[in-house]
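The lines below spell out each chain.
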Amino acid sequence: MSSIRDLIQSDLKIANLGLPSFRDDLEAAGASVISIDWSPPLSGDVDAGWSLATMMSGDDIGDAIDAANKVALERVLGAEPMWLDCLPARDALVGMTDRTILHSGPPVAWEDMAGPMQGAIIGAMLFEGLAPDDVAARKMCEQGAIEFSPCHHLNAVGPMAGVISASMPVLVIEDANGGNRAFSNLNEGLGKALRFGAYGEDVLSRLAWMRDVLGPALSVIARALGGVNLKSITAQALQMGDECHNRNQAATSLLFREIVPALVRSDFPKDQIPDVLDFIAGNNHFYLNFSMAAAKVALMAGSNVPNSSLVTVMARNGVEFGIQMSGTGNQWFTGTAQMVKGLYFPGFGEDDAAPDLGDSAITETMGIGGFAMAAAPGIVQFVGGTPETAKQYTREMYEITLGRNPTYSLPPLGFIGTPTGIDVRLVADKNILPLINTGIAHKDAGVGQIGAGLVSPPIECFASALAALADQFAGAK
């Protein structure tokens, strides 16, 4: 009783975990109050909360997930992405046919697709000669004459609409440690581009040149070099102000240094070499697609580890945001695609924007991009914020990841490794969503990029993934 009496008579220091109004009443009574920013996991979903409680460390299920996550993360960090070749998609991708068109994000039907994706698909059909004009192309899509598939289903990735058709050249990236292969199309540069849904004659002419000249040139280069270590390029670029999603100036320059001597010394037609080098030198985003495929192949190494809650895919199709988790293989967990919050080009605003779109969030899934914004303070000029907020964004991502990537170190944070290995449990427990920095596409096909900003997945993706993992353990009993 004396200890209780002493407590009551002392100057109380109170931690308020409730509504802010609770603090106001206590302070009015003369108490010293510290407010703690906390809310129940998954917005107070009781069932999800109990599921989460059984999956954290300290019991058999939590320990099993921890052990699985350790294996998955070690495999991801141990991957060695190498650029080996550049081939037509039909020759590189298992399951690709002349009537297959790949797109970004989780599966989506033609009639539900966002404007930029429909435009990009029409452009691909015109490019492949599958339809004589856009009217005929739309009719074929409506009648089911084209087979649509997410890029991820064929171990590929594509920015924005992500459209890949049979004759388009794709980068071939192999994990030197595991042998997995991932693929990406080539970056067209800014302005009117297929990935934004444009399909005018200038777009189709550029795609034809990329197929006939750029792709073969890249094949010659990669083979002459015997492969290019992309992990090394990304690591160096992070030291030079890139985050390898929306800022790729340093990475593209580093890749360019590898490319020039190999191409000049090759037997590639000399009269075509200047155009190839001018195109790459004039496209600061050229490395993006290499970065994406390298991230994809590394995350493939950590996929399909039973019981693991590590996120292996984050992708958006302009309608839904989808994630995949190591312990549940290729199963998608989806929610409504969000609107990107950021800075718009002059003449455009939120009413012009399409919802979040593209496979490029594979970079954040790997721990770069928005997770590495501390390395690229210059990016805030395009997505909003200050250099200090860029650091804070990265610091927050450590709260929901399983470890740090020692190869991808961040000078502004004392050279610690990037936050890597998104854990579905930590996202749910801490109510912190992964941060993605991304471009903003116009909602109508063909207009192109109209800004850049920040976005996060909807929480229901992680709630569904958590429930699926809980069901696995329940079914095993």
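Reading the values: rules and limits
Residues numbered from 1 in each chain as written. Predicted model: local features only at pLDDT ≥ 70, side-chain atom pairs only at ≥ 80, totals over all residues. Heavy atoms only, no water. Pairing = 2+ DSSP bridges. Helix = DSSP H or I, 4+ residues; strand = E, 2+ residues; numbered from the N terminus. Buried < 20%, exposed > 50% of the residue type's maximum accessible area, 1.4 Å probe, protein only. Core = buried A, V, L, I, M, F, W, Y, C linked by side-chain atoms within 4.5 Å. Contact = heavy atoms within 4.5 Å. Expected span 1.5 Å × (residues − 1). Bend = angle between axes of the 7 residues up to and from the residue. 1 Å grid on protein atoms, 1.4 Å probe; cavity = no way out; pocket = protein on both sides within 12 Å on 5 of 7 lines; lining within 4 Å. Points joined across faces, edges and corners; volume = space filled by probe spheres on them. Nonpolar A, V, L, I, M, F, W, Y, C, P; charged D, E, K, R; others polar. Salt bridge = Lys/Arg side-chain N within 4 Å of Asp/Glu carboxyl O.

Draft legend 1. Just the sheet that holds strand 11 (residues 320–325), in detail. Read across the sheet, 4 strands follow the order 12-11-10-14 without closing on themselves; strand pairing throughout is antiparallel. In the strand order of this sheet, the two ends are held by strand 12 (333–336) and strand 14 (357–358), each with one partner. Two elements, strand 10 (residues 311–317) and strand 14, share 2 bridges in a ladder whose sense is antiparallel. Residue R316 lies in a different strand from strand 14, and its bridge partner there is G358.

Draft legend 2. Here's a closer look at the pairing of strand 11. With 5 of 6 residues buried, strand 11 is to be regarded as a mostly interior element. Two elements, strand 10 and strand 11, share 5 bridges in a ladder whose sense is antiparallel. Across the sheet, R316 pairs through a bridge with F321, a residue of strand 11. Summarising the sheet, strand 11 and strand 12 pair through 4 bridges and their orientation is antiparallel. The partner of E320 across the bridge, within strand 12, is T336.

Draft legend 3. Just the nonpolar core, in detail. Counting 89 residues, the largest nonpolar core has W83, I121, M125, L214, L218, L230 and L255 as the members making the most contacts within it. If you tally residues by element for this core, the top one is helix 12 (residues 288–301), at 11 residues. Excluding anything up to four places from it in sequence, M125 contacts I101, L130, A131, A137, M140, C141 and I146. Counting 43 residues, the second largest nonpolar core, distinct from the first, contains M55, M314, I432 and C461.

Draft legend 4. Helix 10 (residues 249–265), seen in detail. Relative to the 24 Å expected for 17 residues at 1.5 Å per residue, helix 10 spans 25 Å between its end C-alpha atoms, a close match to the ideal helical length. Approximately 25° is the largest bend angle found in helix 10, and it occurs at I259, with the proline P261 only one to four residues beyond. Within the span of helix 10, buried status applies to A250, A251, T252, L254, L255, I259, A262 and L263. Contact partners of the buried residues in helix 10: strand 3 (81–88), helix 8 (201–225), strand 9 (228–229), helix 9 (230–238), helix 11 (273–281) and helix 12.

Draft legend 5. Geometry of the layout of surface pockets. Taken as a whole, the largest pocket spans an internal volume of roughly 600 Å³. In terms of lining residues, the largest pocket is bounded by 32 residues, among which L190, N246, H285, Q449 and A452 are the most central. Contributing elements (two or more residues each) for the lining of the largest pocket: strand 13 (341–344), helix 14 (380–383), strand 17 (436–441) and strand 18 (449–455). Tallying contributions element by element places strand 18 first for the lining of the largest pocket, with 3 residues. Of the residues belonging to the lining of the largest pocket, the class tally is 12 nonpolar, 18 polar and 2 charged.

Draft legend 6. Examining the pattern of salt bridges more closely. The final tally for this structure, using the stated rule, is 13 salt bridges. A salt bridge links E399 to K430; its shortest N-O distance comes to 3.4 Å. Highlighted residues: E399 in the loop between helix 15 (387–397) and strand 15 (401–410) and K430 in helix 16 (residues 424–430), separated in sequence by 31 residues. Residue classification places K430 among the partly exposed positions, given a relative accessible area of 34%. Three or more residues are tied together by salt bridges with common partners; here these are D66, D423 and R425.

Draft legend 7. Expanded view of unusual backbone geometry. At N304, a residue that is not glycine, the phi angle is positive and equals roughly 60°. Owing to a relative accessible area of 52%, N304 belongs among the exposed residues under this scheme. In this structure, N431 takes a positive phi of about 55° despite not being glycine. For N431, the location among the structural elements is in the loop between helix 16 and strand 17.

Geometric values such as these leave the question of function open.
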